Amino acid sequence: MSDCPYCRGTGVQYVESGSSLSYSCPDCDGTGVTPTCPRCGNEFDGEYCQNCYTVCDSCRTIKS
């Protein structure tokens, strides 16, 4: 695992620069690290590994 490139390992993103308003980083789910896929071992950004899973366009569910 490595630091999330979007939040730089903080786990949060700010509404605007210099603001104290923040939310959990959606790319790492607020963990601050880029997750590793349990199936293939590759690191990935976002909710799922694009090598092993796809999202159904009509129902938006993640499929393997």
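Residues numbered from 1 in each chain as written. Predicted model: local features only at pLDDT ≥ 70, side-chain atom pairs only at ≥ 80, totals over all residues. Heavy atoms only, no water.

(A) Representation of the overall build of the chain in the model. When helices and strands are counted, the chain shows 0 helices and 6 strands. Put simply, the chain runs from its N terminus to its C terminus through helices and strands in the order β-β-β-β-β-β. The C-alpha radius of gyration computed for the chain amounts to 14 Å, which surpasses the reference 11 Å derived for 64 residues by more than 25%, pointing to a less compact arrangement than a globule. If one aligns the C-alpha atoms of the chain with their principal axes, the spans along those axes are about 40 × 30 × 10 Å. (Helix = DSSP H or I, 4+ residues; strand = E, 2+ residues; numbered from the N terminus. Rg over C-alpha atoms; globule rule 2.2 N^0.38 Å.)

(B) Representation of the state of the cysteines. Enumeration over the complete set of coordinates arrives at 0 disulfides. Cys7 takes part in no disulfide bond, and the closest cysteine sulfur, belonging to Cys28, lies 3.8 Å away. Here Cys37 stays unpaired: no disulfide links it, and the sulfur of Cys52, its closest cysteine neighbor, is 3.8 Å away. (Disulfide = S-S within 2.5 Å.)

(C) A look at the confidence of the model for the chain. Averaged over all residues, the pLDDT of the chain is 81; the fraction at 70 or higher stands at 95%. For the chain, per-element mean pLDDT is lowest for strand β6 (residues 62-63), which scores 72, and highest for strand β3 (residues 22-24), which scores 88. (pLDDT = per-residue confidence, 0-100.)

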